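# Architecture at a glance
Each chain is listed here by its residues.
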Amino acid sequence: IFEGLDYEVIYMIRNPIASISSGVKHWLKYKDGEQVSPWSLYFHIERIFNGLKTLLKLKVKTHVVQLELLHQKNVKVMREIATKFNISYNKSLTISTYHGKLWWGDTLSAKDLNGVNPNFKNNTDYNFFYKKDIQCLEKYLKTFMNKYNYEISEKNLKFSAIKILPLKVEMEVWKKTILTMNIKEILSIFYYWIKRINLMKINISENINFPDPFG
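So, a few notes on the structure that sits alongside this text. Fair warning: this is a prediction, and the values are worked out from it, not measured in the lab.

Thresholds, definitions, all that
- Residues numbered from 1 in each chain as written.
- Predicted model: local features only at pLDDT ≥ 70, side-chain atom pairs only at ≥ 80, totals over all residues.
- Heavy atoms only, no water.
- Helix = DSSP H or I, 4+ residues; strand = E, 2+ residues; numbered from the N terminus.
- Axes fitted to C-alpha atoms, helices over the stretch in contact; angles between N-to-C directions.
- Parallel < 35°, antiparallel > 145°, perpendicular 65-115°, else oblique.
- Left-handed = near helix turned anticlockwise from the far one by under 90°.
- Contact = heavy atoms within 4.5 Å.
- Nonpolar A, V, L, I, M, F, W, Y, C, P; charged D, E, K, R; others polar.
- Buried < 20%, exposed > 50% of the residue type's maximum accessible area, 1.4 Å probe, protein only.
- Pairing = 2+ DSSP bridges.
- Core = buried A, V, L, I, M, F, W, Y, C linked by side-chain atoms within 4.5 Å.
- Phe/Tyr/Trp six-rings, centres within 6.5 Å; stacked < 30°, edge-to-face > 60°.
- Lys NZ or Arg CZ within 6 Å of the ring centre and 35° of its normal.

## Some words on the environment of Lys142
Looking at the secondary structure, you find Lys142 in helix H6 (residues 142-147). Sequence separation between Lys142 and Ser205 is 63 residues; the distance between their C-alpha atoms is 8.8 Å.

In structure tokens:
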């Protein structure tokens, strides 16, 4: 739909493990998880694996903002963005607002987030992962995670076939899905499980030149 337009993209990323943890945890709490489905989980994981890569393959000028750096090095990030897009830098760029009001997060946040936090740290809930899940995600996202300086554990995945086993987050979503008694949604479990397995390929980031982040 953007064909013919002259545009660039600012794409925000976050540590993949933290992103999955936060997304699943908050959506399961929101309205008792009624909007969580095998599709929504796959959509989230697929975006982590392919979102940035797909944009780069489209040859669209793409810039990366890391959520972590947007908090921790906010002034530097915003100054670089202003310079890149020829915007006059103003202190207001460092204040998190929406239509002139302070942005304190949304319903999913479950708490007031008072704008920029220079002491920001990812609070990953590891209760949503088995150890083999972390190893699996790190193995197939290694190029991406190394590029953006996301910490990778020292334990390597010994057997690639382990990716076939359900992730703990998948099992949490599947339990919710089965309880809905929605036959169509229940049947979709297997479909999106297979699609998730197929995402995990050694060469998934082969020949991809990920852009440097602002900051």
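## Notes on the packing of helix H7 (residues 168-180) against helix H8 (residues 183-199)
One can describe the packing of H7 onto H8 by two numbers: an axis separation of 9 Å at closest approach and a directional angle of 165°. When the axis of H7 is compared with that of H8, the two are roughly antiparallel. By crossing handedness, the relation of H7 to H8 is classed as right-handed. Every residue of H8 that contacts H7 at Glu170, Trp174, Thr177 and Ile178 is listed here: Glu185, Ile186, Ile189, Trp193 and Arg196. Looking at the contact of H7 with H8 residue by residue, the classes come out as 5 nonpolar, 1 polar and 3 charged.

## Re the side chain of Asn50
Its place among the elements puts Asn50 in helix H2 (residues 38-57). Excluding residues that lie within four positions of it along the chain, Asn50 makes contacts with Leu199 and Ile204.

## Brief notes about the environment of Pro211
The topology assignment puts Pro211 in the segment after H8. Residue classification places Pro211 among the buried positions, given a relative accessible area of 17%. When the C-alpha atoms of Pro211 and Ile13 are compared, they prove to be 12 Å apart, with 198 residues separating the residues in sequence. If sequence neighbours within four positions are ignored, Pro211 has contacts with Leu52, Leu56, Thr62, Val64, Lys147 and Tyr148.

## Some points on the pairing of strand S1 (residues 9-13)
Along S1, the buried face is formed by Val9, Tyr11 and Ile13; none of Ile10 and Met12, which line the opposite face, is buried. Alignment of S1 against strand S2 (residues 62-66), held across 5 bridges, turns out to be parallel. Bridging from a neighbouring strand, Tyr11 pairs with Val64 of S2.

## Quick notes on the nonpolar core
Of all hydrophobic cores here, the largest spans 39 residues; its most connected members are Ile20, Phe49, Leu52, Phe129, Phe144, Tyr148 and Val169. Listing elements by their share of this core, those giving two or more residues are S1, helix H1 (16-29), H2, helix H5 (131-140), H6, H7 and H8. Looking at this core element by element, the count peaks at 8 residues for H2. Setting aside its immediate chain neighbours within four residues, Phe144 contacts Ile13, Pro16, Leu52, Tyr150 and Phe210.

## Considering the packing of aromatic side chains
Each aromatic ring pair is described using two quantities: the centre-to-centre distance and the angle formed by the ring planes. For the coordinates displayed, the defined rule picks out 11 aromatic pairs. Here Phe190 and Trp193 contribute two aromatic rings whose centre-to-centre distance is 5.8 Å and whose plane-to-plane angle is 80°, an arrangement assigned as edge-to-face. Taken together, the positions of Phe190 and Trp193, both in helix H8 and 3 residues apart, correspond to about one turn of that helix. On the basis of relative accessible area, Phe190 is assigned to the exposed category, the value being 52%. Members of the aromatic cluster, each reached through a chain of ring pairs, are Phe144, Tyr148, Tyr150 and Phe210. The ring of Tyr89 carries Arg79 above its face, with NZ or CZ at 4.0 Å from the centroid.

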